[in-house]
Amino acid sequence: MKVSYFPGCTLRTKAKELDFYARKCLEKLDVEPIEPDNWQCCGGVFVSAKDEIASKLSSVRALKSAKEAGMPLVTVCSACHNVIKQTNYCMQNDADFANKVNLYMAQDGGEFTPYNGETEVLHFLELLRDKVGFDKVKAAVVKPLTGRKIAAYYGCLLLRPNKVMAFDNPENPTIMEDFIRALGAEPVVYAMRNECCGGYVVTDDPESSAKKSAAVTENAMNAGADTVMTACPLCKYNLSKNGGAPVVYFTELMAEAFGLKEEQHVTEE
Amino acid sequence: MKRIGVFVCHCGTNIAGTVDVKAVAEAMKHEPGVVFSTDYQYMCSQAGQEMIKAAVKEHRLDGIVVCSCSPRMHEATFRKTAAAAGLNSYMVEIANIREQCSWVHKEMPIGTEKAIILAKAAVAKVSLNAPLTPGESPVTKRALVIGGGIAGIQTALDIADAGFPVDIVETKPTIGGKMAQLDKTFPTLDCAACILTPKMVDVAQNEKIRIFSYSEVTDVKGFVGNFDVTIKRKARYVNETLCTGCGACTEKCPMKKVPNEFNLGMDNRHAVYIPFAQAVPKVATIDPNHCLMLKSGKCGLCSKVCGAGAIDYKAKDEFLEERYGAIVVATGFNPISMEKFDEFAYAQSKDVITSLELERLMNAAGPTGGTLLRPSDHQHPHTIVFVQCVGSRCEACAEKGKEYCSKICCMYTAKHAMLIRDKYPDTDVYVFYIDVRTPGKNFDEFYRRAVEEYGVHYIKGMVGKVTPENGVLKVQGSDLIDNRQLHIDADLVVLAAAIEPDKSARPLATMLTASMDTNDFFTEAHPKLRPVESPTAGVFLSGTCQGPKDIPETVSQAGAAASKVIGLLCKDKLLGNPCVAHSDEMMCNGCSTCEKVCPYGAITYEDKEFRMPDRTTKVRRVAKVNEAVCQGCGACTVACMSGAMDLKGFMNKQIMAEVDAICK
């Protein structure tokens, strides 16, 4: 299976291991990730202002390139996924918005075909659940994480707004727990798994974001977790900074279970 | 050529504000056939009607056009006026220049132009009107009440009191409905059973009332005065006339672990059961899904202990056919499912309950004998959080909740909070609310008492999340007045679940051809002036099937529905609607298209002999309309490909004349 693969900027800088292990695991699962040519930043934050077009263009370009390649667009970073999925939703459901975007893109020159939200956007976890199948993930495990108690941390961006993201039940999600089970570990269900980590508030009011993320890790540890798992670089940053629990990316855990974890560490820049 | 009179109404400023009524009256004078045209301030008033009568005499009118409000409002009025002036009442046409003209336009020239066009169309139509005479049909002097809750009970008692026989069809084994499950009732705090069960007994003892419990309506045919209804009497495997309700069978039944619906699954009952002590009829019912004898043929204990020999394992569903003059819908409500409200952890924790479950936990006949205990560990809860509007006023979450206000929750939550504080003063009670809505006699005083005398903590704001953790429920909510987040460790969380119409209402509405709104509440004929009648003649509405309401309101509406039924049953004959379809036999080719589209089953076919031009006879299959059943919807006239079907009062040529007049 070939998929269009959108790494995003953070995966090239702060979160290299998220990307590195994602690719390693895909290889084992016979999925070939193909990066869109000249992809740009997703926009970073989804601006809900209807007239804000420019910041969403780069997402649309990635979506359009996946459409032209005839493949679903797979994201790994929660933030990229949120922005791209919401932008795609606008392209499908807001004719006025889609028209403006297409008029912008027509200025790019060359032969132009309009884009109207045709591409299927999948988060890496959705790819594993819906296209690859968790049984196939389970079958690829060579070193099951038996005995490990892993707390899945969803954060907000994957789940909400639920109508658009349609990722899982926003109040009582199960996809990450099912994934953890497939790797042979025991999922720890705790209350704060779908609460906010503090997000970008950290740049403005670090104290209040510290409170939020400390509450998450504390709740996970109290529930008996030894590791907190996340898909989001910003969540990882906030949680690691403000809590005692080790926080790892889901791709890293998967690589470990697949026997692909390398001793040499991917260094953070 | 007809002699037509046109009467243009001002309706105060309702019409005259945006339509130049004098110009309309003047313009009509030049229409073909119009011999008289005038305007008046209130045409529907006594003076206005006298004016019409006088004009009919003076100008020898044989057709009348009234330019006024919707025909739904005053068509009947002006038909009576015409009849009083010696005309056939169907020689009147209404041009609706209010709802469809003056109310929707803002500028006088546009309004006036449109009013003139509408009046011209009405004149064109009335020129082709023919006198019509309504047929008569007899009235079956018996009423059917569907649903045996407090609404159905009250309606049935009131109808029976006037001397007419009534049948109640109730799907459960006993009548009583939701009210039988309640503990106390607001605002007087009298016990629900104490005021309901005497009424249930009255129903049982009333010679005019028959109760078909454990039964369902499966088919309705016919029309007002003569509904033919099929009632399915589900097999209860116990002979109702023999059973004495002694309860010996239930004591001996070995299947003891069947979730008890009456206590909302919070305890168990036997496979053979009597729902509660005061059930009416007080007879046992065998639950075929759990009875060993019915499932595997091994047991038969109840049959052995039954002294009356009432147990009958071979019983089958029976179907009754009955004829009724009127039908009252009283199908009631249910709380919506809380399964999708994961933010309140209803599915995750036993200690998150609905308000109806709390009623059972506080009821002396409930699973805990009336002592308030947490379902999980049977301990006394010390901190209780009530969450109001769960699924009500929930526009954003339409996939799991309802847009409307469920109306009763503010009052019953105040009642619960007050009763708990009264009985267990060591308990802390919090109520989260969006608004407190307590209109009603002595209602706001009741709520104030909960706050001021009983010290219930009312917090304006919603609960965002409930998390079960180490035996407590962590409640996270916001206090909008203090502008802060609250974290409360609760022992019990009570959700005021929105209420929705019973699931049986939708298929029943289809059978009755009664209309419903998007929430599956039955629609009333007029929201203010005809609140207990359905737009379908002979079908009346009682209780929460029409919209959320509390017990006092339900009982008043039940009485109102009964009085409408009594008014109908007092009549010996009903005048039908003469605007019905008829088929031109010479043009009909017997294709069956009209029969297929008729929603009322009014069209049949017959083989008829026709004389041919060459003096032979030929047998052809032609459509025949049963005028008593036809409702005049016109579906057949549109579907008929040979143009044989026509609707009296709305003939094809009349409609075409209207269109021509408008397009001229």
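Residues numbered from 1 in each chain as written. Chains lettered and ligands numbered in written order. Predicted model: local features only at pLDDT ≥ 70, side-chain atom pairs only at ≥ 80, totals over all residues.

1. Things to note about the packing of helix H2 (residues 54–69) of chain A against helix H4 (residues 95–106) of chain A
Residues and elements named next belong to chain A.
Thinking step 1. It is at 10 Å that the axes of H2 and H4 come closest, and there the two elements cross at 75°. By the criterion of interaxial angle, the relationship of H2 to H4 is roughly perpendicular. For the pair H2 and H4, the contacting residues are Lys56, Leu57 and Val60 in the first and Val101, Tyr104 and Met105 in the second.
Thinking step 2. Of the residues in the contact of H2 with H4, the class split is 5 nonpolar, no polar and 1 charged. (Axes fitted to C-alpha atoms, helices over the stretch in contact; angles between N-to-C directions. Helix = DSSP H or I, 4+ residues; strand = E, 2+ residues; numbered from the N terminus. Parallel < 35°, antiparallel > 145°, perpendicular 65-115°, else oblique. Contact = placed C-beta atoms within 7 Å. Nonpolar A, V, L, I, M, F, W, Y, C, P; charged D, E, K, R; others polar.)

2. Description of the sheet that holds strand E29 (residues 539–541) of chain B
Residue and element names in this part refer to chain B.
Thinking step 1. Taken in spatial order, the 5 strands line up as E10-E7-E6-E18-E29 in an open sheet, and their pairing is parallel. The sheet is open, and its two borders are formed by strand E10 (209–212) and E29, each paired with just one other strand. On average, each strand axis in the sheet is tilted by 20° relative to the strand beside it, whichever way the strands run.
Thinking step 2. In this structure, strand E6 (residues 143–146) lies alongside strand E18 (residues 326–329), joined through 4 bridges in parallel fashion. Bridge pairing links isoleucine 146 to valine 329 in E18. (Pairing = 2+ DSSP bridges.)

3. What to know about the nonpolar core
Residues and elements named next belong to chain B.
Thinking step 1. Ala143, Ile146, Ala156, Ile327, Val328, Val329 and Val565 are the most contacted members of the largest nonpolar core, which totals 80 residues.
Thinking step 2. In terms of residue count, the dominant contributor to this core is helix H15 (residues 551–569) (8 residues).
Thinking step 3. Each of domain 2 (143–234 + 317–332 + 502–569) and domain 3 (248–305) contributes no fewer than three residues to this core.
Thinking step 4. Those residues in contact with alanine 143, other than ones at most four positions away along the chain, are Ile159, Phe164, Val166, Tyr324, Gly325, Ala326, Val328, Val565 and Leu569. (Core = buried A, V, L, I, M, F, W, Y, C linked by C-beta atoms within 7 Å. Buried ≥ 20, exposed ≤ 12 C-beta atoms within 10 Å, placed from the backbone. Domains from an automatic or database assignment.)

4. Observations concerning helix H8 (residues 175–182) of chain A
Residue and element names in this part refer to chain A.
Thinking step 1. All of the buried residues along H8 are Ile175, Met176, Phe179, Ile180 and Ala182. Projected down its long axis, H8 carries its buried residues within an arc of 155°, all on one side.
Thinking step 2. Looking at the buried side of H8, the elements it contacts are helix H5 (124–132), helix H6 (134–140), strand E5 (149–152), strand E6 (186–188), strand E7 (227–230) and helix H12 (250–257).
Thinking step 3. Once H8 finishes, glycine 184 follows within two positions and takes phi at roughly 95°, a positive value. (Arc of directions from axis to C-beta.)

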